[in-house]
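# Chain and residue survey
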Amino acid sequence: MPGVNLPLNQIVYYFSVLFVSGIFHELGHAVAAVREQVRVNGFGIFLLVIYPGAFVDLHTDHLHAVSAIRQLRIYCAGIWHNFVLVVTGVLVMSTLPTLLSPMYVTGTGVVLTDVVKNSPVFGAHGLQTGDYINALNGCPVNSIEDWSRCMGAIVYYPAPGYCMPIGKLQQMSHTIPLFVGYGGHPECCSNSSVSDLCFSYEIVSDANNKEKSYSCVEARPVTEQPRCQKNSDCLAARRTVCVHPFLEKSTKLIKIMKSKGKSVLYVGDPYLFGHSVSVSNYIPKYSFLPLSLPDVIDLFCRYLISLSGALAILNAVPCYALDGQYILTAFIDYALKVVLPNKGDRESLQFITLLFGTILLAFNILLALWTLFVT
């Protein structure tokens, strides 16, 4: 429902697909009626509160004069046309990379289609719309699936460390005594520079005891070193240690590798970072191509599959005032005329089936509304 469980920025897709699906559905009835030599009196569109719809007016006498099988073709044509729309949407979605290959490249990274203004990563020295991203913390990113996998690794797995020579680390360090910072987390940097970050590491003493130390150093040179998880991952001959960002549990250091320019370092909540950017698989070959076009087509197809399919299923239900009512009537007359020669028996079967279908549909609608608004 728009504004409830449907994002407002997707409302145009919702109503446009409803409009297209409704018109295509009624067009199917009209084409089938003409094919079966039933006169079409008119065709129109309407607006029910905020929902668009369409209708076709068939000549009633002509419709009742044709055989039951021909009536079935007319009544089922709307559902069939909605099914054709669903298949079309599936085909376009599944072949979209191929269809757009003359204009867009896929499989070589992701492109930022939107960066929230005033977010921590936005800016001339941060991320901007149109940037190509190919790695997160050394995790290769060639597609949206890779992006999601790498973001999941950042959130759920320990942050990588970096192999730093002890001598270089001590030379770069301008550590101050540990103090309790914002939120109660210990800090070893004075926060006088946004480029500095507190790192922790362990040094094994002669007595084979591990001593934990802290160094406040510029973060960028550290993140350019080989990654590690423990000291043994580094070259012992170079007297190196594995240093880890000393951050509170919900804060992560993320190195965002761009195809052009310097990498971007983000320190903060990874969920906030994920919600600050939108990415796409499709990298344009030419600068004049819109970044969002492939995603617009993809999202439109998703709505087309969902809503056109739902319209087909809804009209297939034997329920009063829907196509299912007339389909059921024609089907009983066509398939059960020999078994139930008495017209009253056929009408009784039709009434029971329609009553059951209508109650079942109403119950499902009420259950959906209850789930949406109450639970």
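Residues numbered from 1 in each chain as written. Predicted model: local features only at pLDDT ≥ 70, side-chain atom pairs only at ≥ 80, totals over all residues. Heavy atoms only, no water.

### Things to note about the pairing of strand 7 (residues 161-165)
To be explicit about the condition: The classification of residues rests on relative accessible area computed with a 1.4 Å probe and restricted to protein chains. Under 20% of the type maximum is buried, over 50% is exposed, and intermediate values are partly exposed. Numbering of helices and strands runs from the N terminus; a helix is a DSSP stretch of H or I covering at least four residues, while a strand is a stretch of E covering at least two. Here, any two strands with at least 2 DSSP bridges between them count as paired.
Across the five residues that make up strand 7, a large majority, five, are buried. Residue alternation in strand 7 divides its side chains into two sets, Gly161, Cys163 and Pro165 and Tyr162 and Met164, and both sets are buried. As defined by bridge partners, strand 7 adjoins strand 12 (residues 227-228) across two bridges and the pair is classed as antiparallel. Bridging across to strand 12, Tyr162 finds its partner in Arg227.

### Observations concerning the confidence of the model for the protein
Spelled out, the test is: For every residue, the predictor states its confidence as a pLDDT score lying anywhere from 0 to 100.
For the protein, mean pLDDT is 89; residues scoring 70 or higher make up 97% of the total. The element-level mean pLDDT for the protein is lowest in strand 8 (residues 179-180), coming to 80, with helix 3 (residues 68-94) highest at 95.

### Structural notes on the state of the cysteines
Rules: Two cysteine sulfurs form what is called a disulfide whenever their separation falls within 2.5 Å.
Under the criterion given, the structure shown has five disulfides. Residue Cys139 pairs covalently with Cys150 via a disulfide, S to S 1.9 Å. Its S-S torsion of approximately -70° makes the covalent link between Cys139 and Cys150 left-handed. Within this pair, whereas Cys139 is found in strand 6 (residues 139-140), its partner Cys150 is found in helix 5 (residues 144-156), the two being separated by eleven residues in sequence. Just as Cys139 is buried, Cys150 falls in that class too.

### As for helix 3
Selection rule: Under the convention used throughout, the expected extent of a helix is 1.5 Å for every residue step, that is, one less than its residue count. The reported bend at a residue is simply the angle between two axes, fitted to the 7 residues ending at it and to the 7 residues beginning with it.
Counted at 1.5 Å a residue, the expected span for helix 3 with its 27 residues is 39 Å, and the 38 Å between its end C-alpha atoms agrees. Of all the bends in helix 3, the greatest measures close to 40° and is centred on Ala77.

### Considerations on the nonpolar core
When a protein is soluble and globular, its nonpolar side chains tend to lie buried together. Put simply, the rule is: The set of buried Ala, Val, Leu, Ile, Met, Phe, Trp, Tyr and Cys residues whose side-chain atoms join them within 4.5 Å is what this entry labels a nonpolar core. In what follows, residue pairs with any heavy atoms lying within 4.5 Å of each other are defined as contacts.
Counting 20 residues, the largest nonpolar core has Leu127, Ile133, Leu136, Trp147, Ile256 and Phe273 as the members making the most contacts within it. When contributions to this core are tallied by element, the ones reaching two or more residues are strand 4 (110-115), strand 5 (132-136), helix 5, strand 14 (252-258), strand 15 (264-268) and strand 16 (277-280). Ranked by the residues each element gives to this core, the list is headed by helix 5, at four residues. In this structure, Ile256 is in contact with Leu127, Ile133, Ala135, Leu136, Ser263, Val264, Tyr266 and Phe273, ignoring residues within four places of it in sequence. Ranked by size, the runner-up nonpolar core spans 16 residues in total, among them Ala32, Leu58, Leu72 and Ala312.

### Comments concerning the environment of Ala312
Mapped onto the elements of the fold, Ala312 is located in helix 9 (residues 293-316). The spacing of Ala312 and Met172 is 140 residues in sequence and 68 Å in space, taken between C-alpha atoms. The contact partners of Ala312, leaving out residues within four places of it in the chain, are Ile79 and Asn82.

### Section: the pattern of salt bridges
Where we set the bar: Salt bridges are defined by distance alone: a side-chain nitrogen of Lys or Arg within 4 Å of a carboxyl oxygen of Asp or Glu.
Counting across every chain of the model gives eight salt bridges. The residue Arg35 makes a salt bridge to Glu36 at a minimum N-O spacing of 3.0 Å. Take Glu36: its relative accessible area is 5%, and that puts it in the buried class. Taking the shortest distance from any N to any O, the salt bridge between Arg73 and Glu36 comes out at 3.4 Å. In this pair, Arg73 sits in helix 3 while Glu36 sits in the loop between helix 1 (11-35) and strand 1 (40-48), placing the two residues 37 residues apart along the sequence. On the basis of relative accessibility, which here comes to 41%, the residue Arg73 falls in the partly exposed class. One network of salt bridges, with partners in common, ties together Arg35, Glu36, Arg70 and Arg73.

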